[in-house]
Structures are given as structure tokens and as C-alpha cells.
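Summary of the model geometry
Chain by chain, the residues:
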Amino acid sequence: MGGMAADVGAEGGKAPDGGWGWAVLSGCFVITGFSYAFPKAVSVFFKELIREFGVGYSDTAWISSILLAMLYGTGPLCSVLVNRFGCRPVMMVGGLFASLGMILASFSTSIIHIYLSTGVITGLGLALNFQPSLIMLNRYFSEKRPLANGLSAAGSPVALCCLSPLGQVLQDQYGWRGGFLILGGILLNCCVCGALMRPLVAPKALKSKDLEQDNEEGTEKKKKPNAKLLDFSVFKDTGFLIYTVAASIMVLGLFVPPVFVVSYAKELGNEDTKSALLLTILGFIDIFARPTCGVIAGLKWVRPHCVYLLSFAMLFNGITDLVGSQAKDYASLVVFCIFFGISYGMVGALQFEVLMTIVGTEKFSSAIGLVLLMEAIAVLVGPPGAGRLLDATKDYMWVFLLAGSEVVLSAVVLATCNFLFIRNKSSASADKLECITVTDDAKTEVCGKPAEMDEEEEKGAREGQEKETKEEEEETDKETVEEVRPKSITVDSQEVERFLKEPQQNGDMATNPETSL
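Notes on the structure follow. (Residues numbered from 1 in each chain as written. Predicted model: local features only at pLDDT ≥ 70, side-chain atom pairs only at ≥ 80, totals over all residues. Heavy atoms only, no water.)

Describing the packing of aromatic side chains
Just so we agree on the cut-off: Side-chain rings of Phe, Tyr and Trp (the six-membered ring for Trp) are treated as a pair once their centres are within 6.5 Å; stacked means planes under 30 degrees apart, edge-to-face means over 60, and tilted covers the remaining angles. Think of it this way: any DSSP run of H or I at least four residues long counts as a helix, any run of E at least two long counts as a strand, and we number them from the N terminus. Any residue under 20% of the maximum accessible area for its type is buried, any over 50% is exposed, and the rest in between are partly exposed; the area is computed with a 1.4 Å probe on protein chains only. Here, over-ring charges are defined by two tests on the NZ atom of lysine or the CZ atom of arginine: distance to the ring centre within 6 Å, and angle to the ring normal within 35 degrees.
A complete count under the given rule lists 15 aromatic pairs for this structure. A ring pair is formed by phenylalanine 130 and phenylalanine 352, whose centres lie 5.7 Å apart and whose planes are at 65°; its orientation type is edge-to-face. With a gap of 222 residues between them, phenylalanine 130 in helix α6 (residues 111-140) and phenylalanine 352 in helix α15 (residues 330-359) connect regions that are remote in the sequence. Across the pair, phenylalanine 352 and phenylalanine 130 agree in class, each one buried. Counting every residue linked through ring pairs, the aromatic cluster contains Tyr264, Phe336, Phe340, Tyr344, Tyr396 and Phe400. Here the guanidinium or amino end of arginine 198 rests over the ring plane of tryptophan 20, the centre of that ring lying 4.4 Å away.

Details of the environment of alanine 349
For clarity, the threshold we go by: Note on contacts: a residue pair qualifies if any of its non-hydrogen atoms lie within 4.5 Å across the two residues.
Among the structural elements, alanine 349 can be located in helix α15. Owing to a relative accessible area of 3%, alanine 349 belongs among the buried residues under this scheme. Considered as a pair, alanine 349 and proline 146 are 203 residues apart in the sequence and their alpha carbons are 7.9 Å apart. Excluding its chain neighbours within four sequence positions, the residues that come into contact with alanine 349 are Asn149, Gly150, Ala153, Arg290, Cys293 and Gly294.

A look at helix α12 (residues 256-267)
Think of an α-helix as turning once every 3.6 residues; residues three or four places apart then point the same way. Operational definition: To estimate how far a helix should reach, multiply one less than its number of residues by 1.5 Å.
Taking 1.5 Å per residue as the helical rise, α12 with its twelve residues ought to reach 16 Å, and the 16 Å between its terminal C-alpha atoms agrees with that figure. Of all twelve residues making up α12, eleven are buried, and the element is well covered by its neighbours. Residues of α12 that are buried: Val256, Pro257, Pro258, Val259, Phe260, Val261, Val262, Ser263, Tyr264, Ala265 and Lys266. Glycine 269 lies just past α12 and shows a positive phi near 100°.

As for the side chain of serine 263
Relative to the helices and strands, serine 263 resides in helix α12. For serine 263, a relative accessible area of 15% translates into the label buried. Sequence-distant contacts of serine 263, defined by excluding residues within four places in its chain, comprise Tyr57 and Tyr396.

Digging into unusual backbone geometry
One can expect most non-glycine residues to show negative phi and most peptide bonds to be in trans. Although it is not a glycine, lysine 394 sits at a positive phi angle of roughly 60°. Counting through the fold element by element, lysine 394 comes out in the loop between α16 (364-393) and α17 (396-434). A residue is classified by how much of its surface remains accessible, and lysine 394, at 67% relative accessible area, is exposed.

Some thoughts on the pattern of salt bridges
The test is simple: A side-chain nitrogen of Lys or Arg and a carboxyl oxygen of Asp or Glu constitute a salt bridge if their distance falls within 4 Å.
Under the counting rule described, the total for this entry stands at five salt bridges. Measuring nitrogen to oxygen at the nearest pair gives 3.2 Å for the salt bridge that ties glutamate 353 to arginine 145. In this pair, glutamate 353 sits in helix α15 while arginine 145 sits in helix α7 (residues 145-153), placing the two residues 208 residues apart along the sequence. The same class applies to glutamate 353 as to arginine 145, namely buried.

Let's talk about the environment of cysteine 162
Relative to the assigned elements, cysteine 162 resides in helix α8 (residues 155-186). Relative accessible area serves as the criterion here: at 48%, cysteine 162 is assigned to the partly exposed category. In sequence terms cysteine 162 and alanine 37 are 125 residues apart; their C-alpha atoms lie 9.3 Å from each other.

Some thoughts on the environment of glycine 345
Take glycine 345: it is sitting in helix α15. Looking at glycine 345, the relative accessible area reads 0%, which means it is buried. It is 7.8 Å that separates the C-alpha atoms of glycine 345 and cysteine 293, two residues lying 52 residues apart in sequence. In this structure, glycine 345 is in contact with Asp286, Ala289 and Arg290, ignoring residues within four places of it in sequence.

What to know about the packing of α8 against helix α13 (residues 272-297)
As a reminder of what qualifies: Throughout, an axis means a line fitted to C-alpha atoms (over the contacting stretch in the case of helices), and angles, computed between N-to-C directions, take values from 0 to 180 degrees. Oblique is the label for any angle not covered by the other classes, which are roughly parallel (under 35 degrees), roughly antiparallel (over 145) and roughly perpendicular (65 to 115). Crossing handedness is read from the near helix: turned anticlockwise from the far helix by less than a right angle, it gives a left-handed crossing, and turned clockwise, a right-handed one.
At a minimum axis separation of 7 Å, α8 and α13 run at an interaxial angle of 165°. In terms of axis orientation, α8 runs roughly antiparallel to α13. Two packed elements cross with a definite hand, and for α8 against α13 that hand is left-handed. Contacts between α8 and α13 pair Ser156, Pro157, Val158, Leu160, Cys161, Ser164, Pro165 and Gln168 from the former with Asp272, Thr273, Ala276, Leu279, Thr280, Leu282, Gly283, Phe284, Asp286, Ile287 and Arg290 from the latter.

A word on α8
The test is simple: One axis is fitted to the seven residues ending at the residue and one to the seven starting there. The bend at that residue is the angle between these axes.
Compared with an ideal rise of 1.5 Å per residue, which puts 32 residues at 46 Å, α8 spans 15 Å between its outermost C-alpha atoms and falls more than 12% short. Remark: the principal bend of α8, roughly 120°, maps to tyrosine 174.

Topic: the nonpolar core
Under the convention used in this document: Nonpolar core, defined: a set of buried Ala, Val, Leu, Ile, Met, Phe, Trp, Tyr and Cys residues in which side-chain atoms within 4.5 Å join the residues together.
Counting 126 residues, the largest nonpolar core has Phe38, Tyr72, Phe240, Phe255, Phe260 and Leu355 as its most contacted members. If sequence neighbours within four positions are ignored, tyrosine 72 has contacts with Tyr36, Phe255, Leu372, Leu373, Glu375, Ala376 and Val379.

Printed below as a string of C-alpha cells:
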């Protein structure tokens, strides 16, 4: 979309594509797992919360919705903090917030308390970990970035496979309060992942050059304004605008099926453990879908067209929701989770890779914050809106139909707008490059000459420039010789004649030392 932006590492250095980057990737793997799987894993406790506080489905759906809204809506705040303090301290503080929220939620006496503790505090902590981890991953990888994004995104299904059954076991053994308390302790691992985010250091060669240029650029740096904590110039990019609109529509329905599929299975008369197994199946398929899609996206002939691959993944996901709305037994829900896991994994592996491709490394920290802010509105509306629809209709079919239609619409918007606007814009710029007008005395125009003629003209121009430079050098040499020649060299003609006419006696010594023997 709009071309691929060149990525650089620290202070102009190229991304290492390995080394400590693999440790950063492991931290991103865990953080992504907690950020995306936690709102879905919490849905295991919804049935107990409904009994505890006497609320409806839409009320409990607000927990996951607020979690995701904080994860997305605090994007600009995370961008400002990362640009001000760096990724590592922000992530470590975020890990403390994530753990504190779940610990406080275990002492809740109303659903409002859970909204504030689990939704707001834990959501803020996860947001302070999720966005900086993506920024660091983008700085450490360039050529291998699609694969790195796919492996990092695989943390979500892995965590979902673990957290969903774990949440069910904790609920059975310790109740929902004990489960929240233990999950709060597990979230402290975010601090460990934050410690892995070591800032990139410029190479020694670049450092020496920077030291030499410090004296020259010292005065210029004083005149330059401070770096922007949040860069809004990304909105000038047409590709970024199209991506933001399509992603916002997609988020309306993307997270609805994983939130309601467990309750859907329980409604059909299945056991709690058997119903929670659906999320495990979905996550297990997702584990392999994300890295595989990352490898495919990294191919040379696929990477320039990743936006269309993302559009296909979104379309696949939406159609899966539409077909899954007709599920009437547990086996059909298993088939739905398999295909949903494949499509959901493809979307998860590609969505941030496409954004990185659009804006590049320098503007990615601001771009992702602004994108997540726009998506937060949709996240805040999507699951609760589906919950209200469920309360009104008492039928999960309409919930899945609504979610599928929203995701299909986003795929159509992304592919169509990219084809119409970005493709036409790139073709127009290519035509401008091919058509070169040359105005001379006769004002002739030459448009679209072959490459051989362009090479001959370039050679002729180079030869002409070389001749001109040689003539200028000869003229400057002549001028310097004339300037160096002293004025005393000039001799009067009358003195020469007198010298020649005066007779000199034989044997006399010449007064001029140059003529002496």
C-alpha cells in the first residue's frame, strides 16, 4: 500500500535481523499472547460472574470490550511515553499495572469494580506492553520482518490454548476470585519480557562519524525543534487512511466470535470443560497459521502485495463467521473453530506487517498509536453491541451474521480502495518518470525514449562536463601563474640599449655575477 518504506535501526544503522533480536522476538511472543488471549480467556469466567452479580450477557461482554478498548485506545499515550522514555521502562511499568488490575479484581463486590480493575487497569498495563513490543520488533527486523511478525503473532493462540483451560481449572478449584488472583501473578511475567527490550546501539563506524560531525552540527541542533512525541503527518498518506478505515470496520466483528463461542457451546447443552476446549482448538490451529502466513508474506513476489493477502484473509474470516452462524451442534462448532483459527491467524500475522510497510520505522511508533485509537471505538462498540443483539434475539445466529458481514465489508473496502487509489497513484507517478520533457532553443519535447538513448545522452553530458571542467582548470592555472610572476621582471628597453653600446675592455671582470666565469 503506497510502497514499501525503508527501515533503519538505531541512528541510521540497518536493522540487525537477528542476534539479540531473537530475544526481543521471544518477549514479543509472550506479550502478544497476553494482550490478545487474555480478553478471550476471561470469557471463561462470564457464566460465574452472571450468577454472582445477577447481570446479563451484554454486561459481562463489557469486560472484554473494555480490555480491548484500553489496549487500542491508549495507543497515542503509549506512543508519547515510548518516544519520551523508551520501550523498556514503559513495558516494565505496564507489567505492574496488568498484575495489579487482576489482583484488585479478585476483591470486587460488583460488576463495576471489575470494569475498573480488570478492564481499565489491566487493559492499560497490557497496552503499555503490547505497543512497545511491536515497535522494538520493527526496529530489530527488516528483511525477516514478515517471519518475525508471524512468529510473534503466534503467541496469541499459544497463550489462548494455555489460558483458556487454565482459567477453567482455576475456576473449578479456587473460584473466579482465586482464578483472578493467580492470573494476576502470571501477568508479572510482562516485566521480565520488558527487561529483554534492549535499545539498539549504533555501530562503531557510525559513532565515530557522529563524533566528527558533533562540532559542525552543534549549532544546527540548537536551532532545530525537539522531536515530535506524536507525528500526525501519517494522515497525509492515502494508504494509511485506507488501512485505518478498513481496520476499524474489521475490529467491529473480528473479536465477537471468540468471545461468544464458549457461551454458544454451553447454550447447546455441552459441558463447561468441553465448551472451553473450543478456544483451545481455535488457538491450536492459529499457532500454525500465523508463522506459515508470515513465511508466505516474506516471499519476494508476495511481499509487495501483502495488502491483497490481508484482504483475502479478512474476507475468509468474514465468510467463516457467516457459515458458522448455522452451527447447531458441537461438531459443527469444532469445524467453525478450525476455519476461524486459520483465517484469524492470517489476519493477526499480516495486519501490523502491512502497517509497517506503509509508514516505515521512523513513523511506526506514532502510526500504530493513532491506528489503535481509531480501532478502540470499534472495539468498544463491537462485543457489547453483539451482546445486546443476543439479549434481544436469544439466538447466536444473528450475532455471528452481524460479525461476519462487518469483516467482509472491511475486506471489500481495503481491497477496492487500494486498487482504485493507490494503484492509480503509483501508475501516474511511473508515467511521470517515463515521460521526460527536454526544452532547448527549439523547445522540442522528447517523451518516453528507450533506455539506450538515455544512456547515450548521459554519456554525452558527462563528456561535456569533463571538457568544461578541464578548460576551467587551465584558465585558473594561467591566472595563478600570472599572479605569482613578480613585477620586477619587467625590464626597460633603454637600459638594454645602453648596456649593449658600452664597450668593455678585455680582461675586465663583468659586474654582473651571472656572466662571471
